[in-house]
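An overview of the molecular structure
Next come the chains, spelled out residue by residue.
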Amino acid sequence: GQQVMQIPQYQHVQEGEDFTTYCNSSTTLSNIQWYKQRPGGHPVFLIQLVKSGEVKKQKRLTFQFGEAKKNSSLHITATQTTDVGTYFCAGPITGTASKLTFGTGTRLQVTL
Amino acid sequence: KAGVTQTPRYLIKTRGQQVTLSCSPISGHRSVSWYQQTPGQGLQFLFEYFSETQRNKGNFPGRFSGRQFSNSRSEMNVSTLELGDSALYLCASSGGQVDPQYFGPGTRLTVL
């Protein structure tokens, strides 16, 4: 079946350092969504990318969708303690639009 | 708009019992999806309902079932609970098939 893997599984950075998580799908995705889950919380939608090669920015966060629409990345510039959480990518299962496969997630820890 | 609400927030059951969880979507959203989140398996899709019909289904046994009412509220039921059913059960609503999902706070189910 369709698999979506993320690396790294865990990253610990000092505040002010940059952070990147990579998402790789075994199949082509029609779109990719990114979510953030704070410790003890629930996933919160961050962004959706649809076009091949698309790049979107939200303040210190930069999201990219690969040319082949099988991979994506999230880059955070100058991390802050508020960035702590687990970041998930998610894409529709092939043949469906609304049945999402979530990536394995990358847990980010930020210390002062 | 009010967000997605789930009740109850916490639940403790014993093996063999059954449980019903409830989800109220964002007003106007007709799609409701359910996910199971565990440390070992991550976020896994259970099923999706749209206009009272199950539109998509994940790879879970028949003990997991759901339904949606005419006001888009949804319930999921797990019968003959097993220890491995202990998890955070998340409900998410969406305005359309390719729209992002908005998650509720989840129901933490513990099976003893």
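Below is a short write-up of the structure. Quick caveat, the model's predicted, so the values are computed rather than measured. (Residues numbered from 1 in each chain as written. Chains lettered and ligands numbered in written order. Predicted model: local features only at pLDDT ≥ 70, side-chain atom pairs only at ≥ 80, totals over all residues. Heavy atoms only, no water.)

1. Some words on the environment of G42(B)
Residues and elements named next belong to chain B. Among the secondary structure elements, G42 is positioned in strand β5 (residues 42-50). Exposure remark for G42: the relative accessible area of 21% places this residue in the partly exposed category. When near neighbours in sequence (up to four residues on either side) are disregarded, G42 contacts Q36 and Q37. (Helix = DSSP H or I, 4+ residues; strand = E, 2+ residues; numbered from the N terminus. Buried < 20%, exposed > 50% of the residue type's maximum accessible area, 1.4 Å probe, protein only. Contact = heavy atoms within 4.5 Å.)

2. Quick word on the sheet that holds strand β1 (residues 5-7) of chain B
Residues and elements named next belong to chain B. Reading across the sheet, the four strands line up as β1-β3-β8-β7 and stay open at both edges, with antiparallel pairing between neighbours. Each end of this open sheet is capped by a strand with a single partner; those strands are β1 and β7 (64-68). Put simply, the sheet's adjacent strands are angled 20° from each other on average, direction ignored. Here strand β3 (residues 19-24) runs beside strand β8 (residues 74-78); their pairing, made up of five bridges, is antiparallel. Looking at the pairing, V19 lines up with V78 of β8. (Pairing = 2+ DSSP bridges. Axes fitted to C-alpha atoms, helices over the stretch in contact; angles between N-to-C directions.)

3. A closer look at the packing of aromatic side chains
Tallying each qualifying case throughout the model produces 13 aromatic pairs over all chains. An angle of 90° between the planes, with centres 5.7 Å apart, marks the rings of Y35(A) and F103(B) as edge-to-face. With Y35(A) in strand β4 (residues 32-37) and F103(B) in strand β10 (residues 102-103), this residue pair bridges two chains. Overall, Y35(A) belongs to the buried group, its relative accessible area being 0%. Accessibility expressed as a relative area gives 7% for F103(B), which makes it buried. Where Y35(B) meets F103(B), the ring centres are 5.5 Å apart and the plane angle is 45°; that geometry is what we call tilted. In this pair, Y35(B) is assigned in strand β4 (residues 31-38) and F103(B) in strand β10, connecting sequence segments 68 residues apart. Here the aromatic residues Y35(A), F45(A), F88(A), F102(A), Y35(B), F45(B), Y102(B) and F103(B) are joined through ring pairs into a cluster of three or more. (Phe/Tyr/Trp six-rings, centres within 6.5 Å; stacked < 30°, edge-to-face > 60°.)

4. Let's talk about the pattern of salt bridges
This model, assessed by the stated rule, comprises seven salt bridges over all chains. The salt bridge partner of R60(A) is D83(A), with a shortest N-O separation of 2.9 Å. Taken as a pair, R60(A) in the loop between β6 (55-58) and β7 (61-65) and D83(A) in the loop between β8 (71-76) and β9 (85-92) lie far apart in primary sequence, 23 residues in all. D83(A) sits in the buried class, given a relative accessible area of 5%. For E75(B), the salt bridge identified is with R67(B), shortest N-O distance 3.3 Å. On the accessibility criterion, E75(B) (16% relative accessible area) is buried. Three or more residues are tied together by salt bridges with common partners; here these are R63(B), E82(B) and D85(B). (Salt bridge = Lys/Arg side-chain N within 4 Å of Asp/Glu carboxyl O.)

5. With respect to the state of the cysteines
Scanning the model with the defined rule gives two disulfides over all chains in all. Linked covalently through their sulfurs, C23(A) and C89(A) form a disulfide whose S-S length is 2.0 Å. As the torsion about the S-S bond is roughly 80°, the C23(A)-C89(A) disulfide counts as right-handed. Placement of C23(A) in strand β3 (residues 19-25) and of C89(A) in strand β9 is noted, with a sequence separation of 66 residues between them. The same class applies to C23(A) as to C89(A), namely buried. Each sulfur in the disulfide pair C23(B) and C91(B) lies 1.7 Å from the other. (Disulfide = S-S within 2.5 Å.)

6. What about the sheet that holds β6(A)?
Residue and element names in this part refer to chain A. The five strands are arranged β1-β3-β8-β7-β6 in an open sheet whose pairing can be described as antiparallel. What marks the edges here is a single partner per strand, and that holds for β1 (4-7) and β6. Averaged over all adjacent pairs, the angle separating strand axes in this sheet is 15°, with direction ignored. Where β3 lies against β8, six bridges are found, and the strand directions are antiparallel. Note that in β8 the partner of T20 across the bridge is H75.

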